[in-house]
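Observations on chain architecture
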Amino acid sequence: MKLARLLLLAALAAIPLLAAACGGDDDDDAGNGAATTPATATATEKPSGSITVYSGRGESLVKPLFEQFTRDTGIEVKVKYGDTAELAALIAEEGSKSPADVFFAQDAGALGALKATGAFAELPASITNLVPATYRAGDNSWVGVSGRARVIVYNPDLVTAGELPNSVKDLTAEAWKGKVGWAPTNASFQAFVTGLRQLEGEAGAKAWLEAMVKNGVKAYKDNKSIVSAVAAGEIQLGLVNHYYLYGFLKDQGDGFKARNHYTAAGDPGSLVNIAGAGILKSAPNADAARTFVQYLLGEAAQKYFSEQTFEYPLADGVPADSRLKPLAELKPPALDLSDLQDLQGTLSLLRSTGVLK
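Residues numbered from 1 in each chain as written. Predicted model: local features only at pLDDT ≥ 70, side-chain atom pairs only at ≥ 80, totals over all residues. Heavy atoms only, no water.

**Looking at the side chain of S146**
Considering the arrangement of structural elements, one finds S146 in strand β4 (residues 143-154). Looking at S146, its side chain comes within polar contact range of the side chain of E311, at 3.1 Å. Apart from the residues lying within four places of it in its own chain, the contact partners of S146 are R57, N273, I274, A275, F305, E311, Y312 and L314. (Helix = DSSP H or I, 4+ residues; strand = E, 2+ residues; numbered from the N terminus. Polar contact = N/O pair within 3.5 Å; in protein donor to acceptor, adjacent residues only side chain to side chain. Contact = heavy atoms within 4.5 Å.)

**So, the packing of aromatic side chains**
The geometry of an aromatic ring pair comes down to the distance between the two centres and the angle between the two planes. By the definition in use, this model includes 12 aromatic pairs. Seen from their ring centres, Y246 and F310 are 6.1 Å apart, and the 40° between their planes marks the pair as tilted. With Y246 in helix α8 (residues 244-252) and F310 in the loop between α10 (299-308) and β10 (312-313), this residue pair connects regions lying 64 residues apart in the sequence. Following the ring pairs from residue to residue traces out a cluster consisting of F66, F69, F104, F292 and Y295. (Phe/Tyr/Trp six-rings, centres within 6.5 Å; stacked < 30°, edge-to-face > 60°.)

**Quick word on the pattern of salt bridges**
Close approach of charged atoms allows side chains with opposite charge to pair. Using the criterion set out here, one finds 10 salt bridges in the structure. R57 serves as the salt-bridge partner of E311, at 3.2 Å between the closest nitrogen and oxygen. Here E311 is found in the loop between α10 and β10, whereas its partner R57 is found in the loop between β1 (50-55) and α2 (59-73), with 254 residues between them in sequence. The class of E311 is buried, set by a relative accessible area of 0%. The partner of E59 in a salt bridge is K63, and the shortest N-O contact between them spans 3.9 Å. In this pair, E59 and K63 are both assigned in helix α2, four residues apart and thus about one turn of the helix distant. For K63, a relative accessible area of 37% translates into the label partly exposed. In the salt-bridge network here, residues are joined through shared partners; they are R57, R148 and E311. (Salt bridge = Lys/Arg side-chain N within 4 Å of Asp/Glu carboxyl O. Buried < 20%, exposed > 50% of the residue type's maximum accessible area, 1.4 Å probe, protein only.)

**Brief notes about the environment of A121**
Examined against the element boundaries, A121 turns out to sit in the loop between α4 (108-117) and α5 (125-128). For A121, a relative accessible area of 23% gives the class partly exposed. Residues A121 and A286, spaced 165 residues apart in sequence, show a C-alpha to C-alpha distance of 9.2 Å. Every residue in contact with A121, bar those within four places of it in the chain, is listed here: N140, S141, I279, L280 and K281.

**Quick word on the pairing of strand β7 (residues 237-241)**
The element β7 is largely enclosed, with a buried count of five among its five residues. Going residue by residue along β7, you find L237, L239 and N241 tucked away on one face and G238 and V240 tucked away on the opposite face as well. Pairing of β4 with β7 involves five bridges; the strand directions are antiparallel. For Y154, the partnering residue across the bridge sits in β7 and is L237. (Pairing = 2+ DSSP bridges.)

**Digging into the nonpolar core**
Counting 82 residues, the largest nonpolar core has F103, F104 and F292 as its most contacted members. In terms of residue count, the dominant contributor to this core is helix α9 (residues 286-296) (six residues). Excluding its chain neighbours within four sequence positions, the residues that come into contact with F103 are Y54, T84, L87, A88, I91, A110, L111, L114, F120, G276, A277 and G278. Residues Y154, L164, L239 and L349 belong to the second largest nonpolar core, which totals 27 residues. (Core = buried A, V, L, I, M, F, W, Y, C linked by side-chain atoms within 4.5 Å.)

Have a look at this one:
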């Protein structure tokens, strides 16, 4: 085995040891350019049997979708649920003996890490062409199936539209001292910091984190807690994914005192991450696995992500919730999402700056 692969496997294997510093994104139960091929609900061929999916997406979130897939195709889905990073480490450890057919990850970083090990089979263009190039691997090793945008959630009773910052960099200003919340153990926040490191370099990311700590940023356990704190007036702004707000609006109505704000085009705070899937080279039932991944990009699944989880559907032909800023209008920073794989480096930076204890 090549040295580079050994080093990557070692890094992945260390991830479970840092579980206390990491948090999932789906445990909250929240509920560029056009694609070139219209989405279809299922593949043309209909393989039988069963597949094993290692899912970093929470059971309460995706189990109904897996059950619908089985009803529609007759293919049984056996699922191992867990933290995305830990499942990536497990797949790397299992190697060619892994029983998994599909890795369904909640973020692109874990997909990028496994891509680097050569664990994935190449997906056919009939699947990858369903989504814009921004949201799939350049070598077709994985494909995004739903998107989430980083936003600043704010309390409209406490912050006017004219006061809203155009960049997350503006949050270090005196005007926001003690008024901003983040969730350092959250996987999406850590992916954002990984992106920040790519865009600003280690020194730039470190300087921003230290300035935020100095400015009295408040730590919360997850995104939902941040949105609740904003609505209650405990803080005025929070760094979250876009879709958490809509679960609150669904439950509490439009009177809920929080709204989303998108930062400027290209800003690190406007990162769009994905949940996505890859098929392992060692997949015992590769044909059924391809049917599953294509199903995730079909109309039924894409509507599920749009209507039930308030995420962005990535395949053409299924609209997002009308309250969301259209995906085509989002201008995220220029990042290869596979490059969000260095969780170890991000955790080290978060510890060194005092963000994580």
